[in-house]
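# Residue-level structure breakdown
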Amino acid sequence: MAEAYTRRSALQHFGLTAAAAKSDVAGAEIVIGESAHRAIVNIRGNSSDAAFIAAVKSVTGVDLPVKPNTTAQSGAFRVLWLGPAEWWVVTTGGTEEKLVADLRQAFAGQHAAVVDVSESRTVITISGASARDVLARGCSLDLHPRAFGPGQCAQTGLTKANILLDQTDATPSFDIYVLKSFGDYLWQWFWLIGRDYKFAIKAQ
Amino acid sequence: MLLISCPHCGPRDEHEFAYGHEAHIARPTLDQQNTMSDAEWADYLFMRKNPKGVHFERWVHARGCRQWFNVARHTVTHEIIKVYPMGEPAPKLEQK
Ligand SMILES: [Zn+2]
């Protein structure tokens, strides 16, 4: 008999839900957690083609961010710049099949590509007054507010993992997209560094 | 550590980039390949400039936007003199 497919988060084995229940989020300098199972769809296309931009907007409501390393949001859809002809559309998990179908339909006849990459990444969230200090210990980007803020994203390295860093608010809060296979490693790195701060774990 | 200005992302640490060796080496056309000598083929495949001075080379922003571009770099001082797009000819620079 075929077994049903059960989605497991990349960090499930750390028992974050139980750890979060014992965590003091209010008194913490940093709060970290996992935001698993997001819908992530990679799109490729020509940003100087008005039809491509219109197609993205028709499906997501988002004005395609054409400025390097920026993001744009509309409702549940967030679009992240990855390259001059490459973006991620990120939205609520479980909707990726519909999103892929809608985008493919909108791009019909265009030189564009749509690939569901939801299963490749998990997201580690980090928020709080010391979040920049923690990231600075493994990331060479200048994350000072004068150089990096909400609305900006960057693909870079964090310790030895490749990540996509997306600042989601001015707290500051960051979403760190990482390959699931590096999730265990990166979480343990945060665990190690985080012990120098008052840190708490947040349930998803 | 070099600080390299990706044409898209701006200045980033060298560890985000991968080196793509000497720029402006044109692959021989099929016709040329059919007529060229082994020595000429070996020259295309293996022989590279190794200047003490300005070197024109390719880099890719491997951990970032994954785009290729050309760099003019001084091999002694490591100064990056110019970053310019793929497909553009090597810039004329004053020899330092
Ligand atoms: Zn770049």
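Residues numbered from 1 in each chain as written. Chains lettered and ligands numbered in written order. Predicted model: local features only at pLDDT ≥ 70, side-chain atom pairs only at ≥ 80, totals over all residues. Heavy atoms only, no water.

In this chain, Thr171(A) is followed by Pro172(A) through a cis amide linkage whose omega measures 10 degrees. Mapped onto the elements, Pro172(A) comes out in the loop between strand 9 (161-169) and strand 10 (173-179). Positive phi, close to 65 degrees, is recorded for His21(B), a residue that is not glycine. Of note in the backbone geometry, Arg66(B) takes a positive phi value of approximately 65 degrees without being a glycine. With respect to the secondary-structure elements, Arg66(B) resides in the loop between strand 4 (54-60) and strand 5 (68-74). (Helix = DSSP H or I, 4+ residues; strand = E, 2+ residues; numbered from the N terminus.)

Right, let's talk about the domain arrangement of chain A for a bit. Residues and elements named next belong to chain A. Here chain A is described as being made up of domain 1 (12-36 + 121-202) and domain 2 (39-118). Each of domain 1 and domain 2 has a C-alpha centre, and the two are 25 Å apart. Summing both sides of the interface, domain 1 and domain 2 together bury roughly 1,000 Å²; the carbon and sulfur share of this comes to 53%. Interface area lost by domain 1 to domain 2 is led by Arg121, Cys153 and Tyr177, which between them contribute 48%. Run the count over domain 1 and domain 2 and you get 1 salt bridge. Two residues, Asp166 and Arg78, come together in a salt bridge whose shortest N-O distance is 2.6 Å. (Domains from an automatic or database assignment. Buried area = accessible area lost by both parts, 1.4 Å probe. Salt bridge = Lys/Arg side-chain N within 4 Å of Asp/Glu carboxyl O.)

On to the pattern of salt bridges. If you walk through the whole model with that rule in mind, you get 13 salt bridges over all chains. We note a salt bridge from Asp175(A) to Arg38(A), for which the minimum N-O separation is 2.8 Å. In this pair, Asp175(A) is assigned in strand 10 and Arg38(A) in the loop between strand 1 (30-35) and strand 2 (39-44), connecting sequence segments 137 residues apart. Taken individually, Asp175(A) and Arg38(A) each receive the classification buried, so the pair is uniform in this respect. Note that Glu86(A) is salt-bridged to Arg66(B), the shortest N-O span being 3.0 Å. Taken together, the residues Glu86(A) in strand 5 (residues 86-91) and Arg66(B) in the loop between strand 4 and strand 5 connect one chain to another. (Buried < 20%, exposed > 50% of the residue type's maximum accessible area, 1.4 Å probe, protein only.)

A contiguous nonpolar surface patch, about 220 Å² in accessible area, is contributed by Leu179(A), Phe182(A) and Tyr185(A). Mapped onto the elements, Phe182(A) comes out in the loop between strand 10 and helix 5 (183-194). (Patch = residues over 30% accessible without salt bridge, like charges linked within 9 Å, V, L, I, M, F, W, Y side chains within 5 Å. Areas by Shrake-Rupley, 256 points an atom, 1.4 Å probe, with all protein chains shown as cover.)

Residues and elements named next belong to chain B. Relative to the assigned elements, Arg73 resides in strand 5. On the accessibility criterion, Arg73 (12% relative accessible area) is buried. A distance of 3.0 Å separates a polar atom in the side chain of Arg73 from a polar atom in the side chain of His78. Other than its neighbours up to four places away in sequence, Arg73 contacts Leu2, Tyr19, Gly53, Val54, His55, Glu57, His78, Glu79, Ile80 and Ile81. (Polar contact = N/O pair within 3.5 Å; in protein donor to acceptor, adjacent residues only side chain to side chain. Contact = heavy atoms within 4.5 Å.)

Turning to the layout of surface pockets, a few remarks are in order. Roughly 300 Å³ of internal volume is contained in the largest pocket. In terms of lining, the largest pocket is formed by 18 residues, of which the most central are Leu141(A), Ala147(A), Phe148(A), Cys9(B) and Arg12(B). Looking at which element gives the most residues to the lining of the largest pocket, the answer is strand 2 (residues 10-13) of chain B, with 4 residues. For the lining of the largest pocket, the class distribution of residues is 9 nonpolar, 5 polar and 4 charged. Here the lining of the largest pocket spans two domains, and each of domain 1 (12-36 + 121-202) and domain 2 (39-118) of chain A adds at least three residues to it. Here the second largest pocket defines a volume of roughly 240 Å³. If you go around the second largest pocket, you meet 15 residues; those closest to its centre are Trp88(A), Arg121(A), Gln155(A), Asn162(A) and Arg66(B). Among the elements of the structure, strand 5, strand 9 and strand 10 of chain A are those that each provide at least two residues to the lining of the second largest pocket. (1 Å grid on protein atoms, 1.4 Å probe; cavity = no way out; pocket = protein on both sides within 12 Å on 5 of 7 lines; lining within 4 Å. Points joined across faces, edges and corners; volume = space filled by probe spheres on them. Nonpolar A, V, L, I, M, F, W, Y, C, P; charged D, E, K, R; others polar.)

Attention now moves to the packing of aromatic side chains. Both the distance between ring centres and the angle between the ring planes are used here to describe each pair of aromatic rings. Residues and elements named next belong to chain B. The tally for this structure, following the rule as stated, stands at 10 aromatic pairs over all chains. Ring geometry for Phe17 and Phe69: centres 6.0 Å apart, planes at 85 degrees, overall edge-to-face. In this pair, Phe17 is assigned in the loop between strand 2 and strand 3 (18-22) and Phe69 in strand 5, connecting sequence segments 52 residues apart. Owing to a relative accessible area of 9%, Phe17 belongs among the buried residues under this scheme. Its relative accessible area of 1% is what places Phe69 among the buried residues. (Phe/Tyr/Trp six-rings, centres within 6.5 Å; stacked < 30°, edge-to-face > 60°.)

In this assembly, 11 residues from chain B lie in contact with 17 residues from chain A. Between chain B and chain A the total buried area reaches about 1,000 Å² when both faces are included, carbon and sulfur atoms providing 41% of it. Taken together, chain B and chain A are joined by 1 salt bridge. Within the side of chain B that touches chain A, the residues separate by chemical class into 2 nonpolar, 4 polar and 5 charged.

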